[in-house]
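Fold and geometry: a report
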Amino acid sequence: MMKRRTLLAGAALAVALSTNPVLADGHEPLKVGFIYVGPVGDFGWSYEHDQGRQALEAHFGDKVETTYLESIPEGPDAERAIRQLAQSGHDLIFTTSFGYMNPTMKVAQQFPDVKFEHATGYQRAENVSTYSGRFYEGRTVLGHIAGKMTESNIVGYIGSFPIPEVVRGINAAYLAAAKVNPDVEFKIVWANTWFDPAKEGDAAKQLIDQGADVILQHTDSPAAMTIAEENGIYAFGQASDMMQFGPNSRLSSIIDNWAPYYIERVQAVMDGTWESTDTWAGIGEGMTKIGEFKNMPEDLAAEAGALRDAIGAGEIHPFTGPINKQDGSPWLAEGETADDATLLGMNFYVEGITGDLPN
Amino acid sequence: MKTSVAPHAVTLTAIAALVVFALANGLNPVLLTVSITVAATPLLLAALGEMVVEKSGVLNLGVEGMMIIGAIAGFATAVETGSPMIGLIAAAAAGAALSLVFGFLTQVLLSNQVATGLALTLFGLGLAALLGQSYAGLKPPSFPHLDIPLVSDIPVLGPILFAHDLLVYITALILLGTAWFLYRTRAGLILRAVGENHDAAHALGYEVIRIRLAAIAFGGACAGLGGAGLSLVRVPQWTEGMTAGAGWIALAIVVFGSWRPGRVALGAFLFGGVTILQLNLQAANLTALWLLVLGFLLLATHVTVRGLTTGSMHRSMLPLWAATLASAAWALAAPVSIQTQYLSMTPYICTIIVLVVMSADRLKANLNAPASLGRVFFRTG
C-alpha cells in the first residue's frame, strides 16, 4: 500500500516536472539550452555564443539553468542533439548555426511548448524565432581598412560556404575596399567548412603565397590570424576579437555581441511575453561590434571609427547605389539602398569581383 | 644498349610546361613546391612508420589515433617547457606508448589486429580531446626554421631544398634511414622475413614478437611526430580532432606506395599536392578541371618515359596524351565553377581512384604486400 502511494506520488511529480510550471513562483529555474557548431574553445563564433550563455548565468543567477552541447555537426546529428535538449525539459533552446535550420524546424514541430531561437536562419514558426547580426555592416568597416592597408592590392578572403550570409560579407567588404582603392583585387578561397584549423591555415598560406597582404576570413578559428602573424601580414578577427593570436597583425575585428539579446529573450520567456520574432541587428543596436583599431596609422583608425559610427547611426548604408552585379547588369540605382529581402537571399557577386560564385 | 636522351627530354618538357602554366596564371612554382612539402611532411612521417609496421607483418589501423595523441602531447609539452624540440620528443614518445598498447593486445594477447587498430583510433581521438581541453586557444613556441647557410640563398633550389623547418629535414632523414635499414642491413632483412613468413622466421630462431613490437613502437613514434607536425608546425595551435583523417590517408599512401619508401614518399607528395593545389586553383581563379589535366599529364609523361627507356611503347600512351589534350581543352573552354564540396572531396577521390587502380593489377600488388600481413602469430615450441 505504502509502496503504491509512493509510486503514485512519484508519477505525479514526474508529470508536474514534465509539464514544467513556468516560473509562476519564480523559484523553478528556467532551463535554457545551447547548440554550438564548434568547440566553445574555438575563440571565434561558438566562443562568443558561449560568452552570451555565461552572461545569462551572471545576470539571472539561479533563476536560470543553462546547458550547452558543443561541436555538433550540421546535419542529422544536430536533430538528435536538439531533440535531446527538448526532451530533457529545456524551455528555451538557442541553435547557433545556419545549418541547424531544418533540424530546428523539425524538432520545434514536435515540441510546441518549447521555444526555439535559431541564429542566422530565415525559417520561423509559432515557437521558432530567428536572430542574426548585420555582420555586413562590420565588413564594410573592415573592407575600408583592408583597401587602405594593402600594398600589393591583393586582399585574400577565406569563405566558408557560399551562402547569402557569407556572399553578403564579401560584397560589402569589396565595395568598401574598392571605394578607397580602385585597384584592389579580392582573391577568394572557399574552405568548405566553418571550423577546420589545418584547412583554414593552409588557405591563408596559399593566399599569402599568391600575393595577398591582408586577409579577411569568414571561418571560425583563429588559424588564419596565426598564419598572418607568422608571415608578417595583416588580418582581422572574426566573430571574436582574436587579439592574442596576432598582436602585430590584427587590424580590427567583428565581434558578435549576443549577451543583451539572450538576456532579453530569456526575460521574455520568464514574463510570458515571448513571441516568435525576426531580429536582425547591427552596429547601431550593438549586436555587431567593431574591435579596437590596431597596427594602423592614426588617421585611418579615425576614418574607420567615423565610418563605424555613421553606419551605426544609419547615415550610411553599406549597399548604396550605384551598384552593378558582377555580370554588369544594374542592381541598385544612384542613391538607392538594398532592401533586406535581397540582402537575405544574396546569391551574386557585385561588379569588380573576379571569379565565379560556386552554387 | 644505347642510352637515349629522349626520356629526359620528355620529362624536362613536361616540367617546363607546368612551370610556364603556373607562372602564366600568377602561381609561384617555388612557393607551391614549398607549401606542398610542408603539407606532405606529416603524411609522409605517419606513412613511413606504418610501412615499417606492415613490413613486419602487422596491420595497425590506429594511425589516426596515434597521430592525434602525438599532436596534443607535442603541443602540451612545447607549451609547458617552451621548447618545440622537447615537444617533438614527447610526441614521438606518446605515439610509441599508445602503439605499444596495441602491440601488447595484438602480439601478446593475440587480439584481432583490425578491431584493435580501430579501437586505438577511437581511443586516441577521445583521450586527446580530454587531455587537450585546457590547451585550446594557446599559442605554442614557434618552431625553428632552419635556413642552411649559403645554399639556402641559391635561387629556386635554395628555398625548395634548404630553407624548411626542422621537421622536414628530420623526415627526410627518417625516409633515407628507413630505406637503408630495410634494404641494406641484416636487421632490415630479418624484419622483412618476419613479415613474409613469421613461422619460418620463428623456426630460424628469430624473436618474431619482439621484432614486431619494435616495429610497432617505431610506427607509433613516427605517427606521433607526424601529429606534432600538424599542431606545432603546419597550424601552430591545438584543436580537437585536428588530424581530420590524415591517419587514414597515411594508411592509403602505404598501399599506394606498394610498401616501398620511395613510392610512399611520392604518394605523400601527390596527396599533399592535391590539397594545396585545389586551394591555389581557387585563389588563382582557375577551374578545378586543371587537376584532372595535371593527373593525365603526369601519367602520360610517366608512360612515355618508361616506353622510351625500355624501347617498347605501352598501348595506353596515345590515349593518355589524347586525354590530356581533351581535358585541357575542356578546362579552357568551360571555366565552370565547381561546387566547393567537390573541391574538398578531390584528395579523397584521388585516394580511392589510386587504390582501385592499384588493386586492379592484383598480381603486382600482391607481389609487394608482406605475405603475413595481418595474420596472427601463434608461438609454437
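Described below are features of the structure shown in this document. Please read these numbers as outputs of a predicted model, since none were measured by experiment. (Residues numbered from 1 in each chain as written. Chains lettered and ligands numbered in written order. Predicted model: local features only at pLDDT ≥ 70, side-chain atom pairs only at ≥ 80, totals over all residues. Heavy atoms only, no water.)

The next subject is the overall build of chain B. A tally of helices and strands in chain B yields 16 helices and two strands. Taken over the C-alpha trace, chain B has a radius of gyration of 22 Å; the compact-globule value for 381 residues is 21 Å, and the two agree within 12%. The dimensions of chain B, computed from C-alpha atoms along their principal axes, are 65 × 55 × 45 Å. When burial is assessed residue by residue, chain B has 51% of its 381 residues classed as buried. Contacts in chain B between residues at least 24 apart in sequence constitute 77% of all its contacts with a sequence separation of at least 6. Working note: accessible area of chain B is about 17,500 Å², and carbon and sulfur atoms make up 73% of it. (Helix = DSSP H or I, 4+ residues; strand = E, 2+ residues; numbered from the N terminus. Rg over C-alpha atoms; globule rule 2.2 N^0.38 Å. Buried < 20%, exposed > 50% of the residue type's maximum accessible area, 1.4 Å probe, protein only. Contact = heavy atoms within 4.5 Å. Areas by Shrake-Rupley, 256 points an atom, 1.4 Å probe, with all protein chains shown as cover.)

Phe116, Ile145, Phe186, Leu216, Val266, Phe319 and Trp331 of chain A are the most contacted members of the largest nonpolar core, which has 92 residues in total. Both of domain 1 (28–133) and domain 2 (136–255 + 290–344) of chain A provide at least three residues apiece to this core. In contact with Trp331 of chain A, other than residues within four places in its own chain, are Phe319, Ile323, Asn324, Lys325, Glu336, Ala338, Thr342, Leu343, Met346, Phe348 and Val350 of chain A. Ala46, Ala92, Ala228 and Leu232 of chain B belong to the second-largest nonpolar core, a separate cluster that totals 70 residues. (Core = buried A, V, L, I, M, F, W, Y, C linked by side-chain atoms within 4.5 Å. Domains from an automatic or database assignment.)

Across the boundary between the two partners, chain A contributes 37 residues, which contact 30 residues of chain B. A buried area of about 2,800 Å², summed over both sides, lies between chain A and chain B, and 53% of it is on carbon and sulfur atoms. When the buried area of chain A at its contact with chain B is split by residue, Asp202, Gln206 and Gln210 of chain A rank highest and sum to 20% of it. Two residues, Arg234 of chain B and Asp202 of chain A, come together in a salt bridge whose shortest N-O distance is 2.4 Å. For the interface between chain A and chain B, the tally reads seven residue pairs in polar contact (both at pLDDT 80 or more). Looking at the side of chain A that touches chain B, the elements that each hand over two or more residues are β7 (185–190), α7 (197–209) and α8 (223–231) of chain A. For the side of chain A that touches chain B, the leading source of residues is α7 of chain A, giving ten residues. Considering only residue class, the side of chain A that touches chain B consists of 17 nonpolar, eleven polar and nine charged. (Buried area = accessible area lost by both parts, 1.4 Å probe. Salt bridge = Lys/Arg side-chain N within 4 Å of Asp/Glu carboxyl O. Polar contact = N/O pair within 3.5 Å; in protein donor to acceptor, adjacent residues only side chain to side chain. Nonpolar A, V, L, I, M, F, W, Y, C, P; charged D, E, K, R; others polar.)

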